[in-house]
Amino acid sequence: MEWLGRAKIDFTTSPKPLGLKDKDGNATDLLQICQSTVPPCQLNPLIFNGHAQTMWTAASRGAPPLHYKRRIFEADHAEFNGSFVVDFAVTDRSAKEEADETLPPRTAYFGEDELASMGSDDSRPMLVVLHGLSGGSHEVYLRHAIAPLVDSGKWEACVVISRGCANSKITTGLLYNARATWDVRQTIKWLKKTYPNRPLFGLGFSLGACILTNYLGEEGAATPLKAAVVVANPWALHISSKMLQSTFIGHHLYQRVLGDAMRALSMRHKEELDKYTNIDTAHLFSLKYLYEFDRAYQCPTWGYPTEEAYYRDASSSDSLLGVRIPLLAINAVDDPIASSLALPYAEASTNPYTVLCTTSLGGHLGWFEIGGGRWHGKPVCNFLNHMAFEVDLNSIDYEVNKKRTSGNPTHGTEFDPIRRKMYVNLNQ
């Protein structure tokens, strides 16, 4: 029935999923929750495959309007210093008319009095969102997913803006990469301190899903987040990159569009790149494809010898093994950018804290329904609402296995799923 737009949905998780309890004390598990919160996937049959769904994202700009206030943070990491910004969704109707022409639509900076008064003892759930490559809080796919939560009046939300994106300014030569978890880590710590009673949840899209998964793997049970959703994660970046380069449309359309986005982003920060790095910006701005940009910028900036080394190091499929909070991962099998060959079926089937939900249709951040709606917002909202309001969050067992799940103690071997080839002191 897929030719009528009815996508097949599959779930992959451990044979013994994470056990949980609802607030009435009834026993359930993560798989049951995911199966009950992920609705049937009925997409527009006229947008009939992954390429069509993906390309339609460029044409369909309608989305619920969300308003934001922006806060500038100074990074507390000694090696990755500089500034980054976080956009907070506005729930006060009186503040929704404010906007700054230098920022994305419906976005303004916090005033000094507003910054001074930030903080609360309320217990409203708060969502921390990471956007996709070169995006921001204004993105259509993002607003479709979080607007129902914000508009319900029950949630607070903020979007961590990758450095240099969404009209933010950089104060060093650093932009971001797929394993740049330090800004989201600092944001979550700040939120926990500033809003101590709010349960925190995570949501990531595409490259932001990769960053969020890497963060969750690095933190394990130590993360303050209670649960998370990642959507259209490319997982194994080296596989997805090679798949894109192996086809005409992947190479000359998707790699070109992604490369154009990163070139435009870097051009907005030419002054800082010239001042703080040794990168040949004239050469950088002449490149066409994403892998060329990564070779010319990511490699010299972060110290990777090749873009392939960067892709392998920043991939999040191994990080999935280190996740220790309930995580729902949503991917479309026909996604031409986040290749199905990179999907971590084996890793998901090993970790009881994760459920990989795959749909046979949807493209890359598409999932267009008849009438223009976006299906992915439904499971995102359903799952997060269920975890926030129906599950006893104290029932989460952060050490469910109670034993080693990798390595061979007989021979003294140990596998660390977040061991990176490039060492970064995450606690600086």
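Above this text is the structure in question.
Residues numbered from 1 in each chain as written. Predicted model: local features only at pLDDT ≥ 70, side-chain atom pairs only at ≥ 80, totals over all residues. Heavy atoms only, no water.

**Student:** For this particular structure, what's the right way to read the overall build of the chain?
**Tutor:** Scanning the chain from N- to C-terminus turns up 14 helices and 14 strands. The C-alpha extent of the chain, read off along each of the three principal axes, is 60 × 55 × 50 Å. Evaluated residue by residue, the chain yields a buried proportion of 58% over its 428 residues. Relative to all contacts within the chain whose residues are 6 or more apart in sequence, the contacts with residues 24 or more apart total 78%. If you sum the accessible surface of the chain, you get close to 18000 Å²; carbon and sulfur atoms cover 52% of it. (Helix = DSSP H or I, 4+ residues; strand = E, 2+ residues; numbered from the N terminus. Buried < 20%, exposed > 50% of the residue type's maximum accessible area, 1.4 Å probe, protein only. Contact = heavy atoms within 4.5 Å. Areas by Shrake-Rupley, 256 points an atom, 1.4 Å probe, with all protein chains shown as cover.)

**Student:** Looking at this structure, how should I read the pairing of strand S10 (residues 156–161)?
**Tutor:** When a strand is regular, its side chains alternate between the sheet's two faces. In terms of residue burial, S10 counts as a mostly covered element, since six of its six residues are buried. The alternating pattern of S10 places Glu 156, Cys 158 and Val 160 and Ala 157, Val 159 and Ile 161 on opposite faces, both of which are buried. One ladder, built from four bridges, connects strand S7 (residues 83–89) with S10; its direction is antiparallel. Note that in S10 the partner of Asp 87 across the bridge is Val 159. Sheet topology note: the strand S9 (residues 126–130)/S10 ladder contains five bridges and is parallel. (Pairing = 2+ DSSP bridges.)

**Student:** Would you mind going over the pairing of S7 with me for this structure?
**Tutor:** Most of S7 sits inside the fold, with seven of its seven residues counted as buried. The two faces of S7 match: Ser 83, Val 85, Asp 87 and Ala 89 on one face and Phe 84, Val 86 and Phe 88 on the other face are all buried. In this sheet, S7 lies alongside strand S6 (residues 68–74) in antiparallel orientation, the contact comprising seven bridges. Residue pairing for S7: Arg 71 is matched across the bridge by Val 86.

**Student:** Would you mind going over the packing of aromatic side chains with me for this structure?
**Tutor:** Two measures describe an aromatic ring pair: the distance that separates the ring centres and the angle between the ring planes. One pass over the full model with this rule turns up 16 aromatic pairs. For the ring pair Trp 182 and Trp 302, a centre distance of 5.9 Å and an interplane angle of 40° mean the geometry is tilted. Placement of Trp 182 in helix H5 (residues 182–194) and of Trp 302 in helix H11 (residues 290–302) is noted, with a sequence separation of 120 residues between them. Across the pair, exposure class does not vary: Trp 182 and Trp 302 are buried alike. (Phe/Tyr/Trp six-rings, centres within 6.5 Å; stacked < 30°, edge-to-face > 60°.)

**Student:** Is there a simple way to explain the sheet that holds S7 in this structure?
**Tutor:** The 10 strands are arranged S2-S14-S13-S12-S11-S9-S10-S7-S6-S8 in an open sheet whose pairing can be described as mixed. Unpaired on one side and paired on the other, strand S2 (9–12) and strand S8 (107–109) mark the two borders of the sheet. Mean inter-strand twist for the sheet, computed between neighbouring axes without regard to direction, equals 20°. Sitting on the sheet, helix H6 (residues 207–219) touches S9, strand S11 (200–205), strand S12 (225–231) and strand S13 (327–332), and the angle it makes with S12 is about 145°. (Axes fitted to C-alpha atoms, helices over the stretch in contact; angles between N-to-C directions.)

**Student:** Before we go on, may I ask you to explain unusual backbone geometry in this structure?
**Tutor:** Among all residues save glycine, negative phi is the norm, and among peptide bonds the norm is trans. The backbone of Ala 166 sits at a positive phi, close to 50°, despite the residue not being glycine. Tracing the backbone through its elements, the reader meets Ala 166 in the loop between S10 and H5. With a relative accessible area of 5%, Ala 166 lands in the buried category. A positive phi is found at Trp 367, a non-glycine position, where the angle reads about 50°. Residue classification places Trp 367 among the buried residues on the basis of a relative accessible area of 0%.

**Student:** I keep staring at H11 and nothing clicks. Help me out?
**Tutor:** The periodicity of an α-helix, 3.6 residues per turn, causes residues three or four places apart in sequence to face the same way. The complete set of buried residues in H11 reads Leu 290, Tyr 291, Phe 293, Asp 294, Ala 296, Tyr 297, Gln 298, Cys 299 and Trp 302. Gly 303, located one to two residues past H11, shows a positive phi value of around 100°.

**Student:** What is the right way to read H5 from this model?
**Tutor:** Between its first and last C-alpha, H5 extends 18 Å over 13 residues, near the 18 Å set by a 1.5 Å rise per residue. Counting buried positions over the 13 residues of H5 gives 10, a clear majority of the element. What H5 keeps buried is the set Trp 182, Asp 183, Val 184, Arg 185, Gln 186, Thr 187, Ile 188, Trp 190, Leu 191 and Thr 194. (Expected span 1.5 Å × (residues − 1).)

**Student:** Explain the pattern of salt bridges here, please?
**Tutor:** Side chains that differ in sign of charge can pair as their charged atoms come close. On inspection of all chains with the given rule, the structure shows 16 salt bridges. When the shortest N-O distance is used, the salt bridge between Asp 122 and Arg 198 registers 2.8 Å. Of this pair, Asp 122 sits in the loop between helix H3 (112–116) and S9 while Arg 198 sits in the loop between H5 and S11; the two residues are 76 residues apart in sequence, bridging distant segments of the chain. Residue classification places Asp 122 among the partly exposed positions, given a relative accessible area of 23%. For Arg 198, a relative accessible area of 6% corresponds to the buried category. Salt-bridge contacts for Arg 185 lead to Glu 218; the nearest nitrogen and oxygen are separated by 2.6 Å. Taken together, the residues Arg 185 in helix H5 and Glu 218 in helix H6 connect sequence positions 33 residues apart. For Arg 185, a relative accessible area of 4% puts it in the buried group. (Salt bridge = Lys/Arg side-chain N within 4 Å of Asp/Glu carboxyl O.)

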